[in-house]
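Read off the chains here:
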Amino acid sequence: MLKGIGSSEGYGIGKVLIVKEQSLYFVPRSDCDPERELERYKKAVDEFCNKTKQVAEHLKEAVGEQEAGIINSHIVMIKDPYMNEEIEKLIQAGHCAESALASVCHKFSNMFSSAKDELTKQRAVDVHDIKNTVLSILLGAEETDISSAPENTILVAKDLTPSMTACINKDNISGIITETGGRTSHSAIIARAMEIPAVLSVENITGILSNGDTVIVNGSDGVIIQSPNEEQIEEYAKKRVDFIEERKALYEFVGRETTTADGIKLELLGNIRNTHDAVNVIECDGEGIGLFRTEFLFMGRSSAPDEEEQFEEYKRAAIIMKNKPVIIRTLDVGGDKAIPYLKIKKEDNYFLGCRGVRYCLKNKSMYKKQLRAIIRASAFGDVRILLPLVTSVDEVRQVRKMIQKIMDELSQKGVAYNKNLKVGVMMETSAACLVADLLAKEADFFSIGTNDLTQYIMCADRGNADVAYLCSTYNPAVIRSIKYIIECGKNAGIPVGMCGEAASDKYMIPLLISFGLDEFSVNGSSVLYTRKVISQWTKSQADEVAKLVSEADTEQEIVRILKENANKT
Ligand code: PEP
Ligand code: MG
């Protein structure tokens, strides 16, 4: 039995598929047999074209014609006569296929990047993508294809990046195991949203397991059972059925208001990555969208979506939600959310680097497109804007100024939008917490991002297994921060919500009720569960728990109090 962090509840039984890390390292050689290298190169290009066609087909169905077109253009590029001539020349001179490809692509990429127009510049990113894929074929270092994994697959990886998880077909993946990450890492959040059991931070799991091994993933207790016997398989198959039944029982909460046991009405919204998730939130009876993580629109593609594409997506979300709130967070790139074509500089400490609103304010022309798309979509529903990773009043003022300018331009052109569009601030940094009273004067609402708030308050990376014991919302420092932020919001008369994972945590919910949180935003799959837990507490019971917690001085003590009291409801 192997232990990790249970990050998405439930039980999965299946066969292991190890997601390999790609190494594109090669030793450049200039003493090769040209004929052999040319043959290797041509074979690799043929394979590249076949694969690319397949990916384009898949994309056409899953995303749309336009995306498929971008991928198909890679085939045209790799067959470009001039580029091929250059590569062949180097191979004829004795260079190995890898070297010839890398050096010609480098030359083309430099040429495109120095162009003035954006479209040509973008081709540099395409050349880079093509080079890496053909290199991986030449080196036999192909990326594992997650999207076509067979049924009952357990994905095992050092780390699953958000863009990798975006390719998961949830009908086929029964479990996820990684060597890194904690409950609030993005792999965990996506696993929960897809209702796939996940155990993260299992040391050296990619070395311990092999492809095809049978394992049980117990996401509820954070346990992996390797090569289970018949009895264990039977036991867990039953647990799995019971778990699914329990989830079904939550359906009695469909159509009910979200209220505490003594009738305090609260708002319960959903977190989404795209409009597909928005439909899921409606199906799960969410009362709107509390967090639209727009960075997912920018992932898994080779260029940023333009204003029109974004506008259509945000408008769709507004229409799906029929005048219920749709809180759209502007691009939260950086940190662990890498988007290669945005070419964010490699940073030693990327969680403290150019991410969130910092990146957007440095890349104003791109940001302007997003803001304009959101503002235009506000004509179609109760759309609101949310700013990520804010640390100062100045950042909010800068964005508000941009918004005002865009609104003026739209008014001049007679384009419709909501003039009273609300602008909220994600409360997820230690600085934002300390100046919550000041930010409350600038913002129309707060949304507490406990995933980041916890890592920044505790100085403990949310994806690092070695400090996962510190990255806990139950820590007195984090609980005090949450309480203070809510207090500041209340004093300023603005609503305070929470879109971090703590909003659906049954142990945290009584504290949030006691502190006076107005709105809970959770994954679609947690909506009914959260409504059920909220309905089990009266305000005075919640206050009693909050009082006990305020008197405790360690995380362990707080966990004990929260667990003991949760069992009493
Ligand atoms: C958070 O930090 O709590 C949050 C909701 O944002 P994300 O998880 O996308 O960083
Ligand atoms: Mg965050």
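See the structure shown above.
Describe the coordination of the magnesium ion (ligand 2), and please don't skip the residues or the numbers.
Within the protein, the magnesium ion (ligand 2) binds to Glu 428 (OE) and Asp 452 (OD); these donor distances fall in the range 2.0 to 2.1 Å. Here Asp 452 lies in helix α18 (residues 450–458) and Glu 428 lies in the loop between β13 (423–427) and α16 (430–434), a separation of 24 residues in the sequence. Residue Glu 428 is classed as buried on the basis of its relative accessible area of 2%.

I'd like a rundown of the site of ligand 1, residues and numbers included.
Neighbouring residues of ligand 1: 16 residues in total, closest Arg 293, Arg 329, Gly 449, Asn 451 and Arg 462. Taking Arg 293, its side chain carries an N or O atom lying 2.7 Å from an oxygen atom of ligand 1. Contacts to ligand 1 include Glu 428, whose side-chain N or O atom sits 3.0 Å from an oxygen atom. Protein coverage of the free-state accessible area of ligand 1, which is 290 Å², stands at 100%. Sorting the residues of the shell around ligand 1 by element identifies α7 (186–193), β10 (289–293) and α18 as the ones contributing at least two each. When residues of the shell around ligand 1 are assigned to their parent elements, the largest contribution, 3 residues, is made by α18. Across the shell around ligand 1, the residue classes tally to 4 nonpolar, 5 polar and 7 charged.

Can you lay out the environment of Ala 100 for me, pointing to particular residues and giving the numbers?
In this structure, Ala 100 sits in helix α4 (residues 97–113). In this structure, the C-alpha to C-alpha distance between Ala 100 and Arg 29, residues 71 residues apart in sequence, is 9.6 Å.

I'd like to hear about the pairing of strand β7 (residues 214–218), residue by residue, with values.
When you tally the buried positions in β7, you get 4 out of 5 residues, the bulk of the element. Where strand β3 (residues 11–19) and β7 come together, 5 bridges link them in antiparallel fashion. Counterpart to Lys 15 in the pairing with β7 is Thr 214. With 4 bridges joining them, β7 and strand β8 (residues 223–226) adopt antiparallel strand pairing. Counted as the bridge partner of Val 215 is Gln 226 from β8. Hairpin connection between β7 and β8: a loop of 4 residues separates the two successive antiparallel strands, and Gly 222 in this loop has a positive phi of roughly 70°.

Can you explain the state of the cysteines? Please cite residues and give values.
Applying the stated rule across the entire model yields 0 disulfides. For the unlinked cysteine Cys 32, the closest cysteine sulfur is that of Cys 96, found at 5.1 Å.

Any chance you could break down the pattern of salt bridges for me, citing the residues and the numbers?
This structure, assessed with the given rule, holds 36 salt bridges. Glu 86 is paired through a salt bridge with Lys 89; the nearest N and O atoms lie 3.5 Å apart. Separated by 3 residues within a single helix, Glu 86 and Lys 89 lie in helix α3 (residues 81–92), roughly one turn from each other. Note that Lys 238 and Asp 242 form a salt bridge whose closest N and O atoms lie 2.9 Å from each other. In this pair, Lys 238 and Asp 242 are both assigned in helix α9 (residues 230–249), 4 residues apart and thus about one turn of the helix distant. Connected through shared salt-bridge partners, Glu 295, Arg 329, Asp 332, Arg 355, Asp 452 and Arg 462 make up one network.

I'd like to hear about the packing of aromatic side chains, residue by residue, with values.
The final tally for this structure, using the stated rule, is 6 aromatic pairs. Ring geometry for Tyr 82 against Phe 108: centres 5.6 Å apart, planes inclined by 45°, an arrangement best described as tilted. Of this pair, Tyr 82 sits in helix α3 while Phe 108 sits in helix α4; the two residues are 26 residues apart in sequence, bridging distant segments of the chain. A relative accessible area of 44% means that Tyr 82 is categorised as partly exposed. Feature note: the residues Tyr 11, Tyr 236 and Phe 243 constitute an aromatic cluster, connected by ring pairs. One Lys or Arg, Arg 376, reaches over the ring of Phe 311 and ends 4.0 Å from the middle of that ring. Positioned over the ring face of Tyr 417 is Lys 419, at 5.3 Å from the centre of the ring.

Requested: an account of the pairing of strand β14 (residues 445–448), with residues and values cited.
Of the two faces of β14, the one holding Phe 445 and Ser 447 and the one holding Phe 446 and Ile 448 are both buried throughout. When β13 meets β14, the two strands line up parallel, connected through 4 bridges. Looking at the pairing, Val 425 lines up with Phe 446 of β14. In the sheet, β14 pairs with strand β15 (residues 496–498) via 3 bridges, with the strands oriented parallel.

Rules used throughout
Residues numbered from 1 in each chain as written. Chains lettered and ligands numbered in written order. Predicted model: local features only at pLDDT ≥ 70, side-chain atom pairs only at ≥ 80, totals over all residues. Heavy atoms only, no water. Donors = N, O, S within 2.8 Å, 3.2 Å for Na, K, Ca; no water. Helix = DSSP H or I, 4+ residues; strand = E, 2+ residues; numbered from the N terminus. Buried < 20%, exposed > 50% of the residue type's maximum accessible area, 1.4 Å probe, protein only. Near = heavy atom within 4 Å. Polar contact = N/O pair within 3.5 Å; in protein donor to acceptor, adjacent residues only side chain to side chain. Areas by Shrake-Rupley, 256 points an atom, 1.4 Å probe, with all protein chains shown as cover. Nonpolar A, V, L, I, M, F, W, Y, C, P; charged D, E, K, R; others polar. Pairing = 2+ DSSP bridges. Disulfide = S-S within 2.5 Å. Salt bridge = Lys/Arg side-chain N within 4 Å of Asp/Glu carboxyl O. Phe/Tyr/Trp six-rings, centres within 6.5 Å; stacked < 30°, edge-to-face > 60°. Lys NZ or Arg CZ within 6 Å of the ring centre and 35° of its normal.

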